[in-house]
Amino acid sequence: MRVNPFYVSNLSDALNQTQASQQLLTNEISSGTRVNSIGQDPVASAQNVQLLNEIQRDDSFTQTTSLTTGLLQITDSALGSVVTQLNKALSLATQANNGTLNTSDLKAVSNQIAGLRDEVLSLANTSYQGQYVFSGSQSNTAPFSLNNSTSPATVTYNGDSVVNTLVSPNGQTIQLNVPGDQIFTTAAANVIGVLNNLVADYANGGSGAGIADTASLNTALNFVGQQRVLIDNSITRLNAASSVASTESIQLKAVQTNLMQADIPAISTQLSLTQSQQTALISVISALGSGSLFDKL
Amino acid sequence: MGTINAALSLISGALDADQNALNIVSNNVANASNQAYTRQVPNWAENQPLYISGLFLGSGVSVNGGISQRDRVLEQRLQQQQQLSAASSTLLTALNTLQTGFSPSATTSTAGDVGSDITNFFNSFTQLQSNPTSNPLRQQVLATAATLAGDVSSRAASLNAQQVSLDQSANTVVAQVNSLTVSLAQINQKIQSLSPNSDAGPLEDQRQSELTQLSQLIGINQITTEKNGLSITTTGGQLLASQGQAFSITTGAVGGVTHFFVGGTDITTQLASGGGQLGGLLTARDQSIPTVLASLDQLAYSVATQVNTVNNAGTDLVGDNGNSGDIFNAPTQVAGSAQAFQVVLTNPDKIAAAGLGLGTGNDANAVAFANLASQAFVNGQTPSDYYSNLVSTLGATVSQTTIQNTALSASLNQLQNQRNSLSSVSLNEEAASLQEFQRSYQAASQVFGILNSVFASALNLGVVTSVA
């Protein structure tokens, strides 16, 4: 049977193929990536898009939590200081109510409580990065203002009761602030109102409604403690969400690396096989290229 | 009864025949490297015998030219395979260029990856939640928006540019097709007049060579007509050449791209599925690129529309309530959205992070922005899933075409082998023939010499010296 006399040109096609696969393998080694074009592995490429999306979302959330933790810690420490001031006011009021103090002492207590109230008021007007922490969404406005012209003095809340939230990658909604009117001026436990009342009670050297107001102050103190727990909870949840996100990110990076990373030993083996094949082909071609029957004529 | 005279003329005829055969061998060897050449074998024919006095007397041999070793069915089969293979490799080249814009990124920080851009854009809103009034965070939103819009629109621009260059290549191919059909029509006519009943040898070689060239360019059907003629049509059945007449393909712009006509009929669609380079170019131009472009358009349209809607449903830093304006330029229709995708908002304070009517410190609208990332608003998918789908669809097309192309070239190779094993020149074979004809010529001349001396003996009637 007759054969194709041009079969050497088929061999050179094969040589082209080995060169192409050499190029591909070298490319994989140099980039360290198994999939260098989406046509090589469409499924892995699509998964890669989604994995990178989740990894980036997790990483970005971890960054966001570190920005947010500052705000929550400022809020928490402000509330902590408020509790300290209220405790001081409580012990002063209790002292004033036991009937052993004279008029001037009572006036002094009134002044001291007024000082504590101003302290609490300034804590309630705490700001973080230029934004007031306790004014709801009105973060450019100082939340509380005091009117001393009346007796007892009155306090006005200038913020609103809107709550900010942060949504974690797995959908948790974490509260980022507590509006001031929910801590300092609620109807049930009006912290600043009670302090104002106490100031007024002892201002004239008497004790007025001191006993009742002291009881209210105690209630208010407990209430502030409870509200502080809200913030503490947010800090805990934020930390938890952040660590979940960073753990998830690490796991996903491992998955993504497995999916996309070039298997260097396997590629090197393939490369060396391809090289031997190429060398063999070249020798075959050069051996076959020479000689036909014409040489013997 | 035979005569010495007759033997002499018989053997000189054999010398002529051997010379003819040697001539054919030389021609074969001369064309050994010519892929379009079809080898010839000498057409040996025994001369008509003489019938004298009840006896048949042989009268030698002659060579009536060479016979081209050709199988027209095989040639045609090879040409069809060339059409398929050319279409698929042209398409593959175009797809390989196309997919470079969507290369998988190895890490999350890869620049220019649309998938990362989408994620970064929506993440910037999550970061904004931590401090809704922060200028740096707002600037970051605008920066990621600009990156997303820039990358999407540059992808769209390069797709459009590729489409234009494919269009130009298609035009060039059609010009080549038109000149080939004209030349085929001329050869057809020559073959019909010179060799109406048998293989036209070198002329047929030329016709086959041009058909092969044509097959690289366009999908064709061949129909053999009377007197060894050939009609050529497109695979869709439009006549390109018949007898001595060629019908050229004309071009005209339809909807921004070139369409192709034969005698007023628009054959663009059938050419796209027909094969040859033209088929591959048109498939890439009219199907592959528009599909990807449409996906990008849909992505850009949905993202721009949704993000603008959300921005106009909140309160920004400068006091707008529900009228903060658009972040991206508002697309009016899906088509063309990708290339027109850009950020029009310049003042970061006009990003409406707060809920409608709420204080500027609120982040309800930033939450709404960030939530878009997980909402299925792009054709029923989240933006990231939609992009991931685009990648896998395009990747699958490339991968299929690659596999198909490999299979087609393998079978093309086999057919080429089959064709070459029948029709191309083997130097070994020619060397053997050469030797054979040389021996035959030598033998015939020996016979001539001996006959000559026999004739001399007869003339001299046994006297050796009279006639030498």
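Residues numbered from 1 in each chain as written. Chains lettered and ligands numbered in written order. Predicted model: local features only at pLDDT ≥ 70, side-chain atom pairs only at ≥ 80, totals over all residues. Heavy atoms only, no water.

### Observations regarding the overall build of chain A
Stage number 1. Within chain A, the secondary structure is distributed over six helices and six strands.
Stage number 2. A globule of 297 residues ought to have a C-alpha radius of gyration of about 19 Å, yet chain A, at 39 Å, is considerably larger.
Stage number 3. The dimensions of chain A, computed from C-alpha atoms along their principal axes, are 140 × 30 × 25 Å.
Stage number 4. Counting every position in chain A, which comprises 297 residues, the buried fraction comes to 46%.
Stage number 5. Restricting the contact set of chain A to residue pairs at least 6 apart, pairs at least 24 apart contribute 68%.
Stage number 6. Here chain A has roughly 13800 Å² of accessible surface; of this, 53% comes from carbon and sulfur atoms. (Helix = DSSP H or I, 4+ residues; strand = E, 2+ residues; numbered from the N terminus. Rg over C-alpha atoms; globule rule 2.2 N^0.38 Å. Buried < 20%, exposed > 50% of the residue type's maximum accessible area, 1.4 Å probe, protein only. Contact = heavy atoms within 4.5 Å. Areas by Shrake-Rupley, 256 points an atom, 1.4 Å probe, with all protein chains shown as cover.)

### A word on unusual backbone geometry
Stage number 1. Cis rather than trans, the peptide bond between Ser151 of chain A and Pro152 of chain A has omega equal to -5°.
Stage number 2. Position of Pro152 of chain A relative to the elements: it lies in the loop between strand E3 (144-147) and strand E4 (154-157).
Stage number 3. Located in the positive-phi region is Gln129 of chain A, a residue other than glycine, with phi close to 50°.
Stage number 4. The residue Gln129 of chain A is located in the loop between strand E1 (127-128) and strand E2 (131-132) in this model.
Stage number 5. Non-glycine residue Asn379 of chain B carries a positive phi angle of around 50°.
Stage number 6. Looking at the element boundaries, Asn379 of chain B is found in the loop between helix H9 (364-372) and helix H10 (383-423).

### So, the packing of aromatic side chains
Stage number 1. Tallied over the full model, the rule gives 11 aromatic pairs over all chains.
Stage number 2. Each ring, one from Phe134 of chain A and one from Phe184 of chain A, has its centre 5.4 Å from the other, and the planes form 90°; the classification is edge-to-face. Of this pair, Phe134 of chain A sits in the loop between E2 and E3 while Phe184 of chain A is found in the loop between strand E6 (173-175) and helix H4 (191-203), placing the two residues 50 residues apart along the sequence.
Stage number 3. According to the relative accessible area criterion, Phe184 of chain A is buried, its value standing at 0%.
Stage number 4. Geometrically, the ring pair formed by Phe121 of chain B and Phe125 of chain B is edge-to-face, given 5.3 Å between the ring centres and 80° between the ring planes. Of this pair, Phe121 of chain B and Phe125 of chain B are both found in helix H3 (residues 114-130), four residues apart, which corresponds to roughly one turn of the helix.
Stage number 5. Phe121 of chain B sits in the buried class, given a relative accessible area of 0%.
Stage number 6. When its relative accessible area of 0% is taken as the criterion, Phe125 of chain B is described as buried.
Stage number 7. Members of the aromatic cluster, connected to one another through ring pairs, are Phe121, Phe122, Phe125, Phe328, Phe341 and Phe369 of chain B. (Phe/Tyr/Trp six-rings, centres within 6.5 Å; stacked < 30°, edge-to-face > 60°.)

### Quick look at the interface of chain B and chain A
Stage number 1. Listed per partner, the contact involves 61 residues of chain B and 51 residues of chain A.
Stage number 2. Carbon and sulfur atoms supply 55% of the area buried between chain B and chain A, which totals about 4400 Å² over both sides.
Stage number 3. Taken together, chain B and chain A are joined by one salt bridge.
Stage number 4. Residue Glu429 of chain B pairs with Arg2 of chain A through a salt bridge whose shortest N-O separation is 3.1 Å.
Stage number 5. Between chain B and chain A we count 32 residue pairs in polar contact (both at pLDDT 80 or more) in total.
Stage number 6. Breaking the side of chain B that touches chain A down by element, the ones donating at least two residues are H3, H9, H10 and helix H11 (427-460) of chain B.
Stage number 7. Split into classes, the residues belonging to the side of chain B that touches chain A amount to 20 nonpolar, 36 polar and five charged. (Buried area = accessible area lost by both parts, 1.4 Å probe. Salt bridge = Lys/Arg side-chain N within 4 Å of Asp/Glu carboxyl O. Polar contact = N/O pair within 3.5 Å; in protein donor to acceptor, adjacent residues only side chain to side chain. Nonpolar A, V, L, I, M, F, W, Y, C, P; charged D, E, K, R; others polar.)

### Topic: the pairing of E3 of chain A
Stage number 1. For E3 of chain A and E4 of chain A, the ladder comprises four bridges, and the chain directions are antiparallel. If you follow Leu146 of chain A over to E4 of chain A, its bridge partner there is Val155 of chain A. (Pairing = 2+ DSSP bridges.)

### As for the sheet that holds strand E6 (residues 229-234) of chain B
Residues and elements named next belong to chain B.
Stage number 1. Here four strands make up an open sheet; going across it, the order is E5-E6-E7-E8 and the pairing antiparallel. The strands lining the two open edges of the sheet, one partner per strand, are strand E5 (220-225) and strand E8 (245-246).
Stage number 2. The sheet contact formed by E6 and strand E7 (residues 239-242) spans two bridges and is antiparallel. Across the sheet, the residue bridging to Ile232 is Ala241, located in E7.
Stage number 3. Those strands touched by helix H5 (residues 202-217) are E5 and E6, and its axis lies near 5° from that of E6. (Axes fitted to C-alpha atoms, helices over the stretch in contact; angles between N-to-C directions.)

### Regarding the side chain of Ser249 of chain A
Stage number 1. Following the sequence through the fold, Ser249 of chain A ends up in helix H5 (residues 210-260).
Stage number 2. Reaching out from Ser249 of chain A, the side chain makes a polar contact with the side chain of Asp59 of chain A at a distance of 2.7 Å.

### What to know about the nonpolar core
Stage number 1. Within the largest apolar cluster, 77 residues are counted, with the highest numbers of intra-cluster contacts made by Phe121, Phe125, Ile218, Val307, Phe328 and Phe341 of chain B.
Stage number 2. When neighbours within four sequence positions are excluded, Phe341 of chain B is seen to be in contact with Leu148, Ala149, Val152, Ser153, Ala300, Val303, Ala304, Phe328 and Asn329 of chain B.
Stage number 3. In this structure, Leu121, Val155, Val178 and Ile235 of chain A belong to the second largest nonpolar core, which totals 52 residues. (Core = buried A, V, L, I, M, F, W, Y, C linked by side-chain atoms within 4.5 Å.)

### Quick word on helix H3 (residues 103-124) of chain A
Stage number 1. Compared with the 32 Å implied by 1.5 Å per residue over 22 residues, the 31 Å span of H3 of chain A between its first and last C-alpha is a close match.
Stage number 2. Taken together, the buried residues of H3 of chain A touch helix H2 (42-97), E3, E4 and H4 of chain A. (Expected span 1.5 Å × (residues − 1).)

### Here's the deal with the pattern of salt bridges
Stage number 1. Scanning the entire structure with this criterion turns up 14 salt bridges over all chains.
Stage number 2. Where Asp199 of chain B meets Arg70 of chain B, a salt bridge forms, and the shortest distance between an N and an O atom there is 2.9 Å. Remark: Arg70 of chain B occurs in the loop between strand E4 (61-68) and helix H2 (72-99) and Asp199 of chain B occurs in the loop between helix H4 (135-194) and H5; sequence separation between them is 129 residues.
Stage number 3. Overall, Arg70 of chain B belongs to the buried group, its relative accessible area being 13%.
Stage number 4. For Asp167 of chain B, the salt bridge identified is with Arg285 of chain B, shortest N-O distance 2.5 Å. Residue Asp167 of chain B is found in helix H4, and its partner Arg285 of chain B is found in helix H7 (residues 276-311); the two are separated by 118 residues along the sequence. Of the two residues, Asp167 of chain B and Arg285 of chain B, both sit in the buried class.
Stage number 5. A single network of salt bridges, built from pairs that share partners, joins Arg2 of chain A together with Arg39 and Glu429 of chain B.

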